[in-house]
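Architecture and fold: a report
Each chain is listed here by its residues.
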Amino acid sequence: MASSAARAEVLSLLRSLLRTATKFSDYNIREYAKRRAIDGFRDNRGLTDPSSIAAAFADGKSQLEVAKRQAVVYSLYAPRIKSVMEAESP
Amino acid sequence: MATAAASRLLRRALNPAVARRRFSTAAVAAETPPSPLPSATGEEEAGMVSMKGVRISGRPLYLDMQATTPVDPRVLDAMLPFYLSRFGNPHSRTHLYGWESESAVEAARASVAALVAADPKEIFFTSGATESNNISVKGLMRFHRARKHHVITTQTEHKCVLDSCRHLQQEGFEITYLPVRPDGLVDLGHLADAIRPDTGLVSVMAVNNEIGVVQPLEEIGRICREKGVVFHTDAAQALGKIPIDVEKMGIGLMSLSGHKIYGPKGVGALYVRRRPRVRIEPQMNGGGQERGIRSGTVPTPLVVGMGAACDIAMKEMNYDGRRISALQERLLNGIRAKLDGVVVNGSMEHRYPGNLNLSFAYVEGESLLMGLKEVAVSSGSACTSASLEPSYVLRALGVDEDMAHTSIRFGIGRFTTEAEIDKAIELTVGQVEKLREMSPLYEMVKEGIDIKSIQWAQH
């Protein structure tokens, strides 16, 4: 069972992933990053074995690093015109 | 003879502290941010894109995953260091740049091998699935030209396989192009009958790029193993999407592509079985790289990208597969709820869900595509859409000419959203209804006239 300190850490990681996801300038990548983070955490919610929890957490942290770097790269090369999906939504 | 001023100038130039001051953070902050990319499209003004006479309000939503896929950000992250500081040639044996490049290539090789349950020694990197197909078909047959003169393939193969076979025909080999059933699957009885003692190769693609049909690889592999013929499969569209096991499927040669699994363009791989050994003649001669099978410097960043893409595909195959199946159902049901006369080309049961090829009756294909400007889809395959001929794959399925002309291929992928599917349904239904409204043929059908019974006037 995850202690409350570990639980807070896990939630903080998810929040960071979602915050980084919103920084992507590409519509498809942004939606995928949000969706995959939420689904990934939901699928792993039932983990009880501490080593697999640690492995999943470490994997999440490394994905966060990748996402942070790539959000910067994508914004450097963002096309001036957005996707039609964004042009419509308010 | 240095004057005091000259020596002061020299001291300033050589003094690193002074030089550092010139590049202080204040100076950098005052610089303007990098200017936006030069516009690649025709014009971009007031939020509109205009190219080839088409004006749209934004970049189209992408539903053409069989043509190519976007590079996954995790793949790009793995590739970038090899374009920046780790730029060495993997074949340089004498320094760190070469060693780190080589170790990255070998790690990528292991990733590709793991995805197909092969040994890394059986994977060779090429420039793409087209090159791998060429090496497989021509390389194998030319090696065995003394005793093997026959190749069996299907009528729905990719152009590069068919073209390589045609080339072999000019060299004196005999090719059997097996027909397929109306659902796109190859008939196993016909295949077994077609095998002769001098058959060297059977080539059947795993997942068809136009109609998405999945061939029965295990059964074909079993037949080929029994008869002692090498089984080659073009798995460019299948890699990372359906589980591939070279042992269970008895595969001897396999072509893989990087840019169909969210990797970079310009790289692919070839699987060549070692036990029992499959011998091929190299088609690219040179310095003997890739164990002599394919000479040429191995492009480290591209290969690392393909390896990363395979790693991701292995982890995400189930998640992506479930999602894409649900999206395909949503698309098909959404279109069928509003339109009749919609035909799916190819078997529904033996299908990769990310590929949906639909024909809309009483509608002309080119005009439908021109109306769907905000959706990036294709009709026929990218390779053959330059000509006005209906796709040879649909013709091999026995689809009527008029239905073949009006086929649209929707490609769903990892990054497709539900909102995009809903918008695609809305745009497609709207466009088809508009065209049918204008179509005199459709009026006749509504009145109950059977179009096939009409005697068109002879000119």
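Just so we're clear, the structure is a prediction, and the values are computed from it rather than from any experiment.

A word on the overall build of chain B
When you go through chain B residue by residue, the secondary structure sums to 16 helices and 15 strands. Long-range contacts, defined here as pairs at least 24 residues apart, represent 72% of the contacts in chain B between residues at least 6 apart.

Structural notes on the sheet that holds strand E11 (residues 268-272) of chain B
Residues and elements named next belong to chain B. Spatial strand order, E5-E11-E10-E9-E8-E6-E7: 7 strands in an open sheet with mixed pairing. Lying at the two open borders of the sheet, with one neighbouring strand each, are strand E5 (123-126) and strand E7 (174-178). Across the sheet, the mean angle from the axis of one strand to that of its neighbour is 20°, orientation sign disregarded. Bridge count for E5 against E11 is 4 bridges, and the pairing is antiparallel. Paired with Ile123 across the strands is Tyr271, a residue of E11. In the packing of helix H7 (residues 129-143) onto the sheet, the strands contacted are E5, strand E6 (150-154), strand E8 (199-203), strand E9 (230-234), strand E10 (253-257) and E11, and the crossing angle to E10 comes to about 165°. Each of E8 and E9 touches helix H10 (residues 217-227); the most contacted strand, E9, lies at about 155° to it.

Section: the sheet that holds strand E13 (residues 355-360) of chain B
Residue and element names in this part refer to chain B. Here we have 3 strands laid out as an open sheet, ordered E12-E13-E15, and antiparallel in their pairing. Taken across any chain shown, the strands that pair with only one partner, and hence form the sheet edges, are strand E12 (342-344) and strand E15 (407-411). Averaged over all pairs of adjacent strands, the angle between strand axes in this sheet comes to 30°, irrespective of strand direction. One ladder, built from 3 bridges, connects E12 with E13; its direction is antiparallel. Paired with Val342 across the bridge in E13 is Phe360. Its contacts with the sheet place helix H11 (residues 300-338) against E12, E13 and E15, and it is angled at close to 10° to E13.

Notes on the packing of helix H2 (residues 27-43) of chain A against H11(B)
Interaxial distance between H2(A) and H11(B) falls to 13 Å at its minimum, and their mutual angle equals 115°. By the criterion of interaxial angle, the relationship of H2(A) to H11(B) is roughly perpendicular. Handedness of the crossing formed by H2(A) with H11(B): right-handed. Residues Tyr32(A), Arg35(A), Arg36(A) and Asp39(A) of H2(A) lie in contact with H11(B), whose contacting residues are Glu316(B), Tyr319(B) and Arg323(B).

What about the side chain of Thr68(B)?
Topologically, Thr68(B) is positioned in the loop between strand E4 (61-62) and helix H4 (73-79). Sequence-distant contacts of Thr68(B), defined by excluding residues within four places in its chain, comprise Tyr62(B), His259(B) and Lys265(B).

Concerning the pairing of E11(B)
Residues and elements named next belong to chain B. Among the 5 residues in E11, 5 count as buried, and that is most of the element. By the alternation rule, side chains of E11 split into Gly268, Leu270 and Val272 and Ala269 and Tyr271, which are all buried. The sheet contact formed by E10 and E11 spans 5 bridges and is antiparallel. The partner of Ser255 across the bridge, within E11, is Leu270.

Looking at empty space enclosed by the protein
Residue and element names in this part refer to chain B. Overall, the coordinates contain 3 cavities of 30 Å³ or more when judged by the stated rule. If you add up the space inside the largest cavity, you get close to 120 Å³. As for the largest cavity, its lining consists of 13 residues, and the residues nearest its centre are Gly240, Lys241, Tyr262, Asp320 and Tyr352. Of the residues contributing to the lining of the largest cavity, the split by class is 7 nonpolar, 2 polar and 4 charged.

Looking at the domain arrangement of chain B
For an interface, size is often stated in terms of accessible area lost upon the parts coming together. All names here are of chain B. Along its sequence, chain B is carved into domain 1 (73-312) and domain 2 (317-442). Domain 1 and domain 2 are separated by 29 Å when their C-alpha centres are compared. The partner domain 2 presents 23 residues to the 29 residues of domain 1 that form the contact. Summed over both sides, the interface of domain 1 with domain 2 buries roughly 2,300 Å², with 60% coming from carbon and sulfur. Summed over the three residues of domain 1 that lose the most area to domain 2, namely Glu210, Ile211 and Tyr262, the buried surface amounts to 33% of that side. The interface formed by domain 1 and domain 2 contains 0 salt bridges. The interface formed by domain 1 and domain 2 holds 11 residue pairs in polar contact (both at pLDDT 80 or more) in total. If you list the elements that add at least two residues to the side of domain 1 that touches domain 2, you get H4 and helix H8 (159-171). For the side of domain 1 that touches domain 2, the residue count by class is 14 nonpolar, 8 polar and 7 charged.

Quick notes on a negative patch on the surface
On the surface, Glu433(B), Glu437(B), Glu443(B) and Glu447(B) cluster together to form a negatively charged patch. Mapped onto the elements, Glu443(B) comes out in helix H16 (residues 440-446).

Structural notes on the layout of surface pockets
The computed volume of the second largest pocket comes to approximately 1,600 Å³. Of all elements in the fold, only helix H1 (4-21), H2 and helix H3 (50-76) of chain A together with H4 and H11 of chain B reach the threshold of two or more residues within the lining of the second largest pocket. For the lining of the second largest pocket, the element with the highest residue contribution is H2(A), accounting for 10 residues. Looking at the lining of the second largest pocket residue by residue, the classes come out as 29 nonpolar, 8 polar and 12 charged. Split by domain, the residues of the lining of the second largest pocket number at least three in each of domain 1 (73-312) and domain 2 (317-442) of chain B.

Some remarks on the interface of chain A and chain B
Listed by partner, the interface residues are 24 residues for chain A and 29 residues for chain B. Per-residue buried area on chain A facing chain B is highest for Tyr32(A), Ile81(A) and Val84(A); these three make up 26% of the total on that side. On the surface where chain A and chain B come into contact, there are 2 salt bridges. Notably, a salt bridge pairs Arg69(A) with Asp77(B), separated by 2.6 Å at the nearest N-O pair. Connecting chain A to chain B are 12 residue pairs in polar contact (both at pLDDT 80 or more). For the side of chain A that touches chain B, the elements supplying multiple residues, two or more each, are H2, H3 and helix H4 (84-88) of chain A. Per element, the largest residue contribution to the side of chain A that touches chain B is 8 residues, and it comes from H2(A). When its residues are assigned to classes, the side of chain A that touches chain B shows 12 nonpolar, 4 polar and 8 charged.

With respect to unusual backbone geometry
Residue and element names in this part refer to chain B. In this structure, the amide linkage connecting Arg275 to the following residue, Pro276, adopts the cis form with an omega of -5°. For Tyr262, which is not glycine, the phi dihedral falls at a positive 65°. For Tyr262, the position within the fold is in the loop between E10 and E11. With relative accessibility at 5%, the residue Tyr262 sits in the buried group.

Rules of the game
Residues numbered from 1 in each chain as written. Chains lettered and ligands numbered in written order. Predicted model: local features only at pLDDT ≥ 70, side-chain atom pairs only at ≥ 80, totals over all residues. Heavy atoms only, no water. Helix = DSSP H or I, 4+ residues; strand = E, 2+ residues; numbered from the N terminus. Contact = heavy atoms within 4.5 Å. Pairing = 2+ DSSP bridges. Axes fitted to C-alpha atoms, helices over the stretch in contact; angles between N-to-C directions. Parallel < 35°, antiparallel > 145°, perpendicular 65-115°, else oblique. Left-handed = near helix turned anticlockwise from the far one by under 90°. Buried < 20%, exposed > 50% of the residue type's maximum accessible area, 1.4 Å probe, protein only. 1 Å grid on protein atoms, 1.4 Å probe; cavity = no way out; pocket = protein on both sides within 12 Å on 5 of 7 lines; lining within 4 Å. Points joined across faces, edges and corners; volume = space filled by probe spheres on them. Nonpolar A, V, L, I, M, F, W, Y, C, P; charged D, E, K, R; others polar. Domains from an automatic or database assignment. Buried area = accessible area lost by both parts, 1.4 Å probe. Salt bridge = Lys/Arg side-chain N within 4 Å of Asp/Glu carboxyl O. Polar contact = N/O pair within 3.5 Å; in protein donor to acceptor, adjacent residues only side chain to side chain. Patch = residues over 30% accessible without salt bridge, like charges linked within 9 Å, V, L, I, M, F, W, Y side chains within 5 Å. Areas by Shrake-Rupley, 256 points an atom, 1.4 Å probe, with all protein chains shown as cover. Lys, Arg positive; Asp, Glu negative; His and termini not counted. Charge placed at Lys NZ, Arg CZ, Asp CG, Glu CD.

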